[in-house]
Amino acid sequence: DQQVKQNSPSLSVQEGRISILNCDYTNSMFDYFLWYKKYPAEGPTFLISISSIKDKNEDGRFTVFLNKSAKHLSLHIVPSQPGDSAVYFCAASDGDSNYQLIWGAGTKLIIKP
Amino acid sequence: EPEVTQTPSHQVTQMGQEVILRCVPISNHLYFYWYRQILGQKVEFLVSFYNNEISEKSEIFDDQFSVERPDGSNFTLKIRSTKLEDSAMYFCASGSGATDTQYFGPGTRLTVL
């Protein structure tokens, strides 16, 4: 049951360029979406979130876009830096079950110098 | 900056033994969670806890699992009789509100032999 899908297991981007990580979901009841970043041997670190009433949220180099009709969200990182190399997880929750996060499989981002 | 801590970082146990994984959530948070990630698989929700009781639990969280907040600071996950398939990274998370961002600890790697 893949309610949250990250179809790219890995992505390689040149330092200084834009990184775009994608996430699709199937459950139309999801109303809150989050991106987490994870380094090896560490727990997920919260990056940025977006509520379903918005279509964009920006925080520094990170912007999340939500397209509800397409059930798609994306994380843009501009400019990409070497320290951004990590696994990025998309997660979602719904109003009726807002205690639990449903996670995507993750995308490994590699920033090349 | 406050953070969620977990101990031990790595626990090795024999099948059938009981293990207790410990977490210290962020001090003013009221909502607590356990997730696990089997190697190579998705992060999966186990249980959420609020007001000294379980709010929600997944199918994974069967009778072998229990959670407790024995004092004002610790939040524990007990597995009564471990199975080989319980081997995973276990992440604790906490949040200040039901719909607020969950902050994760570094994880405990559980290895069941």
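Residues numbered from 1 in each chain as written. Chains lettered and ligands numbered in written order. Predicted model: local features only at pLDDT ≥ 70, side-chain atom pairs only at ≥ 80, totals over all residues. Heavy atoms only, no water.

What about the overall build of chain A?
Here is the rule we go by: Each helix is a run of H or I in the DSSP string that is no shorter than four residues. Each strand is a run of E no shorter than two, and both are numbered from the N terminus. The globule rule is 2.2 Å times the number of residues to the power 0.38, and the radius of gyration it is compared with is taken over C-alpha atoms. Note on classification: 1.4 Å probe, protein chains only; a residue is buried when its accessible area is under 20% of the maximum for its type, exposed when over 50%, partly exposed between these limits. It only takes one pair of heavy atoms within 4.5 Å for two residues to be counted as in contact. Note on areas: Shrake-Rupley, 1.4 Å probe, and residue coverage restricted to the protein chains presented here. Think of it this way: Lys and Arg go in the positive column, Asp and Glu in the negative one, and His and the chain ends go nowhere. To locate a charge, the coordinates of NZ of Lys, CZ of Arg, CG of Asp or CD of Glu are taken.
Counting its regular elements, chain A contains zero helices and 11 strands. Ordered by position from the N terminus, the helices and strands of chain A form the series β-β-β-β-β-β-β-β-β-β-β. Taken over C-alpha atoms, the radius of gyration comes to 13 Å for chain A, in line with the 13 Å a tight globule of 113 residues would show. With the C-alpha coordinates aligned to their principal axes, the bounding extent of chain A is approximately 45 × 30 × 20 Å. Going through the 113 residues of chain A one by one, you find that 47% of them count as buried. The contacts of chain A with a sequence gap of at least 6 include a subset with a gap of at least 24, amounting to 54%. With an accessible surface of roughly 5400 Å², chain A has 49% of that area assigned to carbon and sulfur atoms. The distance from the centre of the 11 positive side-chain charges to the centre of the 11 negative ones in chain A is 7 Å.

A closer look at the interface of chain B and chain A
Inclusion rule: Here the quantity called buried area is the accessible surface, traced with a 1.4 Å probe, that two parts lose on coming together, added over both. The term salt bridge refers to a pairing of a side-chain nitrogen on Lys or Arg with a carboxyl oxygen on Asp or Glu at a separation within 4 Å. In the analysis that follows, any N or O atom pair within 3.5 Å is treated as a polar contact, provided that within protein one partner can donate a hydrogen and the other can accept it, and provided that, for residues neighboring in sequence, both atoms belong to side chains.
Counting residues at the interface gives 19 residues for chain B and 20 residues for chain A. Taken over both partners, the interface formed by chain B and chain A buries close to 1700 Å², and the fraction arising from carbon and sulfur atoms is 58%. If you sort the residues of chain B by the area they bury against chain A, Lys42(B), Glu56(B) and Phe104(B) come out on top, with a joint share of 31%. In this assembly, chain B and chain A are joined by zero salt bridges. Counting across the interface, chain B meets chain A through five residue pairs in polar contact (both at pLDDT 80 or more). For the side of chain B that touches chain A, the secondary-structure elements that each account for two or more residues are strand S4 (31–37), strand S5 (43–50), strand S6 (53–57) and strand S10 (103–104) of chain B. At four residues, S4(B) tops the list of elements feeding residues into the side of chain B that touches chain A.

Digging into the state of the cysteines
Residues and elements named next belong to chain A. For clarity, the cut-off: The term disulfide is used for any two cysteine sulfur atoms that are within 2.5 Å.
Applying the stated criterion across every chain yields a total of two disulfides over all chains. Through a disulfide, Cys23 is tied to Cys90; the S-S separation comes to 2.0 Å. Linking Cys23 and Cys90, the disulfide has an S-S dihedral of approximately -70° and is accordingly described as left-handed. One end of the pair, Cys23, is in strand S3 (residues 19–25); the other, Cys90, is in strand S9 (residues 86–94), with 67 residues separating them in the sequence.

Topic: the sheet that holds strand S1 (residues 5–7) of chain B
All names here are of chain B. Condition: At least two DSSP bridges between two strands are needed for those strands to be called paired. Axes, fitted as lines to C-alpha atoms, cover a helix only where it is in contact. Angles between the N-to-C directions of the axes lie from 0 to 180 degrees.
Pairing in this open sheet of four strands is antiparallel, and the strands run S1-S3-S8-S7 from one edge to the other. Looking along the sheet, the strands with just one partner apiece sit at the ends: S1 and strand S7 (65–68). Across the sheet, the mean angle from the axis of one strand to that of its neighbour is 20°, orientation sign disregarded. In the sheet, strand S3 (residues 19–24) pairs with strand S8 (residues 75–79) via five bridges, with the strands oriented antiparallel. Bridge pairing in S8 links Cys23 to Phe75.

Topic: the sheet that holds strand S1 (residues 4–5) of chain A
Strand pairs in the sheet, formed through backbone hydrogen bonds, run parallel or antiparallel to each other. Taken together, the five strands give an open sheet; going across it, the order is S1-S3-S8-S7-S6 (chain A), and neighbouring strands pair in antiparallel fashion. Edge positions in the sheet fall to S1 and strand S6 (56–59) of chain A, since each of these pairs with one other strand and no more.

As for the pattern of salt bridges
All names here are of chain B. Within this structure, the stated rule accounts for three salt bridges over all chains. A salt bridge links Glu44 to Arg36; its shortest N-O distance comes to 3.2 Å. Judged by relative accessible area, which is 24%, Glu44 ranks as partly exposed. According to the relative accessible area criterion, Arg36 is buried, its value standing at 10%.

Comments concerning the pairing of S6(B)
All names here are of chain B. Note that S5 and S6 share four bridges and pair antiparallel. Counterpart to Val47 in the pairing with S6 is Lys57. Connecting the antiparallel pair S5 and S6 is a turn made up of two residues, with Asn51 showing a positive phi of about 55°.

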